[in-house]
Amino acid sequence: MDKHYSAGIDFLRAFAVIAVILYHLPQYSFQGGNQGVTIFFVISGYLMAKNASYAYQKNQFSWIGFYKKRIKRIYPFLLFSLLIFILIAGSIQIRMLGNIKSELPSLLFGYNNWWQIHEKVSYFDRFANSSLFKHYWSLAVELQFYLVFPLFFLTVMRLSRKRGYQLMYLLTIISILTSLLSPFSIAYYNTFARLYPFIVGMFGFFNRKNINDVISSKKVTKFWLIMSCLTLAVFIPLPSFTGSSLLVSVLTMLLLVLINDKEVEKRTKIAKFRLQYIGKISYELYLVHYSVFILLVNIAPKMNPLIELVVVLIMTVLMIAGFHSFMHLKRKAGRYLGAGLVAVAIGMIIFAPTNRLTADQNELKQELSSNLKKIENQPNQKGNILFLGDSVMLGAYQELEDTFSGQATVDAKESRQISSLATILQGYPNLADYSTVVIGLGTNGIISDESIDEILTQLKDKQIYWITIKCPEGWQESVNQKLAELPSRYKNVHIIDWFSHSKDHPEYFYDDETHLNGEGRSVYAQLMKSVLSK
């Protein structure tokens, strides 16, 4: 077993990071792209098992040596990227540093996923005040896996083969059940719910000979067949996120086993795609790209998506080049420069307007949580008007209740996207009894003609009022333009133009420029009432 560079693994890394970038691209919604993170987890599990096994067979496996390698690989660029983005954000728009004072320890010490769970951060609410480092949750999961890996690995190696596999099966089942049974907003970040991709990767390495015996012929053809299935699984995900992640994990593991054979890897001609160059910088690209997107949404929300991608790539290359240049500075010069930059960054963190933003965010969280409980406890139907919306409408629940005096049913939920509404409407209780449906969706991503057509077909016998959106995201204009075209295509569709009504009134909004404060909620509810009363 020769340890060798694998262009195939870098090919998979490139595929994974491209999927994640497409998922994060502000003006588009590639819903399954977040499964790129699952691919990274499987690769980590596979490679950790592989490298540790080589060292173990030579009696060279060391806990300290393992941790040193991980720290050396992860922390230098992590610290560099944190420093640079704090400096950039602090220079351009210091409010983007948001809650950095409370978030920074979780970024440094590898528990950001648990911090986000505690703070009730939704990964799917993407607006201007989003943290620059929200995507670092997956790095925290990786760090926690690395923390326990030596113990887990040595336990598996010292057990009999059968007992070792049984332990892996047990942990996989527990992880999957945690993912299935936990609320999605928690399961998405939860380390235990994310453990099974790592174990699937480890299992693939330990059991590679048996798997190769099953895939005994036409391995190159099967590689591309499985790669095609993986592409479909990522970009056309299953309805169940856990099911989709498990499928992606197994397919990735099979590909890793196949390309573990040097001859198979060579015959796939993967190197001709030149994606291994992206794979080699996939870690750096992952850390940089989302932060750049957040910066661009704040600075230039209407930037062309192709230009955004180019800016992301350029900035990543510049940061990598800057990082290596910094690391090669003479020790004395490097210390002075590093100390100066750190001092400036600390100053920016100290003077970031944390208290006001935290108060706004905490107030909003409390309102959304309280209103969600009220919605869950309300009767199945009140009146003949049904409101369906996301967190913007959820925040205004009480004002809508008071304004319509119990003659309307409000069904709103955080992070709800238009793509999920058709499924929600199927079998919706008492749907036939509503004559009017008011839809407030679009702030969480673009809306497609297919989704709209499917929804409006289900509601063809009702009067539909669709609320335009007001948010600083790049897709605001495209969503509102698409909504403006609906009345000409559907006679039963009307538009409630919240955007025009609120665009010149920043006093209606919290600092995220999307969710409504007390004054904004009252105006929002009154607008609904005035339009629906005509």
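Every chain begins its residue count from 1, and numbering advances along the sequence as written. The model is predicted, so local features are restricted to residues of pLDDT at least 70 and side-chain atom pairs to those at 80 or more, both for listing and for counting; the totals for chains, interfaces and linings are taken over all residues. Think of the side-chain values as coming from all heavy atoms in the structure, minus any hydrogens and water.

A. Quick peek at unusual backbone geometry. Even without glycine at this site, Asn-59 takes up a positive phi of about 55°. Looking at the element boundaries, Asn-59 is found in the loop between α2 (36-57) and α3 (63-92). Note on exposure labels: buried denotes an accessible area under 20% of the residue type's maximum, exposed denotes more than 50%, and partly exposed covers the range between, all computed with a 1.4 Å probe on protein chains only. On the basis of relative accessible area, Asn-59 is assigned to the exposed category, the value being 73%. A positive phi angle, close to 60°, is found at Asn-430, a residue other than glycine. Mapped onto the fold, Asn-430 is located in the loop between α21 (421-425) and β3 (436-440). Helical segments are the DSSP runs of H or I of at least four residues, strand segments are the runs of E of at least two, and each set is numbered from the N terminus.

B. Main features of helix α16 (residues 305-327). A helix's residues, less one, multiplied by 1.5 Å, set its expected span. Its 23 residues place the ends of α16 33 Å apart at the C-alpha level, agreeing with the 33 Å of an ideal helix rising 1.5 Å per residue. Among all positions in α16, only Pro-305, Glu-308, Val-312, Met-315, Thr-316, Met-319, Ile-320 and Phe-323 are buried.

C. Just the pattern of salt bridges, in detail. The term salt bridge refers to a side-chain nitrogen of Lys or Arg lying within 4 Å of a carboxyl oxygen of Asp or Glu. All told, the structure shown has 9 salt bridges when counted by the stated rule. Taking the shortest distance from any N to any O, the salt bridge between Glu-367 and Arg-521 comes out at 3.1 Å. With Glu-367 in helix α18 (residues 354-377) and Arg-521 in helix α26 (residues 518-532), the pair connects residues that are 154 residues apart, well separated along the chain. With a relative accessible area of 9%, Arg-521 lands in the buried category. Connected through salt bridges with shared partners, the residues Asp-449, Asp-453, Lys-482 and Arg-489 form a single ionic network.

D. Broad picture of the packing of aromatic side chains. Planes of paired rings set the category: under 30 degrees apart is stacked, over 60 is edge-to-face and the rest tilted, where pairs are Phe, Tyr or Trp rings (Trp by its six-membered ring) whose centres lie within 6.5 Å. Tallying each qualifying case throughout the model produces 39 aromatic pairs. Between Phe-66 and Tyr-146, the ring centres sit 6.4 Å apart and the planes meet at 75°, which makes this aromatic pair edge-to-face. Taken as a pair, Phe-66 in helix α3 and Tyr-146 in helix α6 (residues 137-158) lie far apart in primary sequence, 80 residues in all. Residue classification places Tyr-146 among the buried residues on the basis of a relative accessible area of 7%. Consider the rings of Phe-66 and Phe-149, whose centres lie 5.3 Å apart with planes at 25°: the pair is stacked. With Phe-66 in helix α3 and Phe-149 in helix α6, the pair connects residues that are 83 residues apart, well separated along the chain. The rule for a charge over a ring is simple: NZ of Lys or CZ of Arg within 6 Å of the ring centre, and within 35 degrees of the ring normal. Taking the ring centre of Phe-205 as reference, the NZ or CZ of Arg-208 above it sits at 4.0 Å.

E. Examining the packing of α2 against helix α12 (residues 241-259) more closely. Only the contacting stretch of a helix is used when fitting its axis, a line to C-alpha atoms as for every element, and angles between N-to-C directions run 0 to 180 degrees. Put simply, α2 and α12 touch, their axes get as near as 9 Å, and they point 45° apart. By the criterion of interaxial angle, the relationship of α2 to α12 is oblique. Considering how the two elements wind past one another, α2 and α12 form a crossing that is right-handed. Taking contact as the criterion, the partners of Thr-38, Ile-39, Val-42, Ile-43 and Tyr-46 in α2 are, on α12, Ser-245, Val-248, Ser-249, Thr-252, Met-253, Leu-256 and Val-257. Here the residues of the contact of α2 with α12 are counted per class, giving 8 nonpolar, 4 polar and no charged. Note that the term roughly parallel is reserved for angles under 35 degrees, roughly antiparallel for angles over 145, roughly perpendicular for angles of 65 to 115, and oblique for everything else. Note: crossing handedness is left-handed where the near helix turns anticlockwise from the far helix by less than a right angle, and right-handed where it turns clockwise. For this analysis, residues touch if any pair of their heavy atoms sits within 4.5 Å. Three categories are distinguished: nonpolar for Ala, Val, Leu, Ile, Met, Phe, Trp, Tyr, Cys and Pro, charged for Asp, Glu, Lys and Arg, and polar for the others, with Gly belonging to the last.

F. A look at the packing of helix α7 (residues 161-181) against helix α9 (residues 195-206). Where α7 contacts α9, the two axes come as close as 8 Å, and the packing angle between them is 155°. Considering their axes alone, α7 and α9 lie roughly antiparallel with respect to each other. Note that α7 runs across α9; the crossing there is left-handed. Contacts from Arg-161, Tyr-165, Met-168, Tyr-169, Leu-171, Thr-172, Ser-175, Ile-176 and Ser-179 of α7 reach α9 at Leu-195, Tyr-196, Ile-199, Met-202, Phe-203 and Phe-206. When the residues that make up the contact of α7 with α9 are grouped by side-chain class, the tally is 11 nonpolar, 3 polar and 1 charged.

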